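# Architecture and fold: a report
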Amino acid sequence: MTAWTSDELTSIGTATELQIASCRRDGTLGNPRTIWVVRVGDDLYVRSMNGRSGGWFPGTQARHQGHIRAGGVDRDVTFADADPDLNDQIDAAYRDKYRRYGARIIGGVVNPGARAATIKLVPN
């Protein structure tokens, strides 16, 4: 399994937004969606504000493969389920990174539905 480089972690981890596109069943990429991304240790995480059934999330579950773009990094990735034991750390990373948006907006990604739709981005 490939790991993120230090430069990639820094570039993506400090980017305000990330473009995510999942692979369709036929192998083509879907339309990219703009979402938030956080870094916890040497890993990168994204969450669906609309939970597991909303927005872009279901597409990530069809093949668990896709592509991301953020902070000048373009990378094919695998979408892995995040360890639920890390949810508090991931919540803290979202609150810290996006605090300028206020608690009401951040609440969209630090609630039980969003926690259940947390994806670890694994580089290919």
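About the cut-offs
Residues numbered from 1 in each chain as written. Predicted model: local features only at pLDDT ≥ 70, side-chain atom pairs only at ≥ 80, totals over all residues. Heavy atoms only, no water. Phe/Tyr/Trp six-rings, centres within 6.5 Å; stacked < 30°, edge-to-face > 60°. Helix = DSSP H or I, 4+ residues; strand = E, 2+ residues; numbered from the N terminus. Buried < 20%, exposed > 50% of the residue type's maximum accessible area, 1.4 Å probe, protein only. Pairing = 2+ DSSP bridges. Axes fitted to C-alpha atoms, helices over the stretch in contact; angles between N-to-C directions. Contact = heavy atoms within 4.5 Å. Lys, Arg positive; Asp, Glu negative; His and termini not counted. Salt bridge = Lys/Arg side-chain N within 4 Å of Asp/Glu carboxyl O. Polar contact = N/O pair within 3.5 Å; in protein donor to acceptor, adjacent residues only side chain to side chain.

## Comments concerning the packing of aromatic side chains
What the rule picks out here adds up to five aromatic pairs. Relative to Tyr101, the ring of Trp36 lies with its centre 5.1 Å away and its plane at 35°, an arrangement referred to as tilted. Placement of Trp36 in the loop between strand 2 (33–35) and strand 3 (38–40) and of Tyr101 in the loop between helix 3 (87–97) and helix 4 (103–106) is noted, with a sequence separation of 65 residues between them. You can call Trp36 buried: its relative accessible area is 15%. Classification of Tyr101 as partly exposed rests on a relative accessible area of 34%.

## Some words on the pairing of strand 1 (residues 18–22)
Of all five residues in strand 1, four are buried; the element is thus mostly enclosed. Pairing between strand 1 and strand 2: three bridges, direction antiparallel. When the bridges of strand 2 are listed, Ile20 appears paired with Arg33. Relative to strand 5 (residues 65–70), strand 1 runs antiparallel, the two being bridged by four bridges. In the sheet register, Ala21 faces strand 5, and the bridge partner there is His67.

## A closer look at the pairing of strand 4 (residues 43–47)
Within strand 4, four of the five residues are buried, which leaves it mostly tucked inside the rest of the structure. Pairing geometry for strand 3 and strand 4, over three bridges, is antiparallel. Considered in strand 4, the bridge of Val38 is made with Tyr45. Hairpin connection of strand 3 to strand 4: two residues between the antiparallel strands, including Gly41 at a positive phi of 65°. In this sheet, strand 7 (residues 118–123) lies alongside strand 4 in antiparallel orientation, the contact comprising four bridges. For Leu44, the partnering residue across the bridge sits in strand 7 and is Leu121.

## Considering the sheet that holds strand 2
A sheet is described by the order of its strands in space; here seven strands give the open sequence 2-1-5-6-7-4-3, paired in antiparallel fashion. Two strands lie at the open edges of the sheet, namely strand 2 and strand 3, each paired on one side alone. The average angle at which neighbouring strand axes cross in this sheet is 40°, direction not considered. Direction of pairing for strand 6 (residues 73–81) relative to strand 7: antiparallel, over a ladder of five bridges. Following the sheet pairing, Val77 is matched in strand 7 by Pro123. Each of strand 3, strand 4 and strand 7 is contacted by helix 3, which is oriented at about 135° to strand 3, the strand it contacts most.

## Notes on the side chain of Lys97
Looking at where Lys97 falls in the secondary structure, it is placed in helix 3. An unpaired buried charge is present at Lys97: no salt bridge exists, and Asp96, the closest side chain of opposite charge, is 9.4 Å distant. A polar contact of 2.6 Å, which involves the side chain of Lys97, links it to the backbone oxygen of Ala15.

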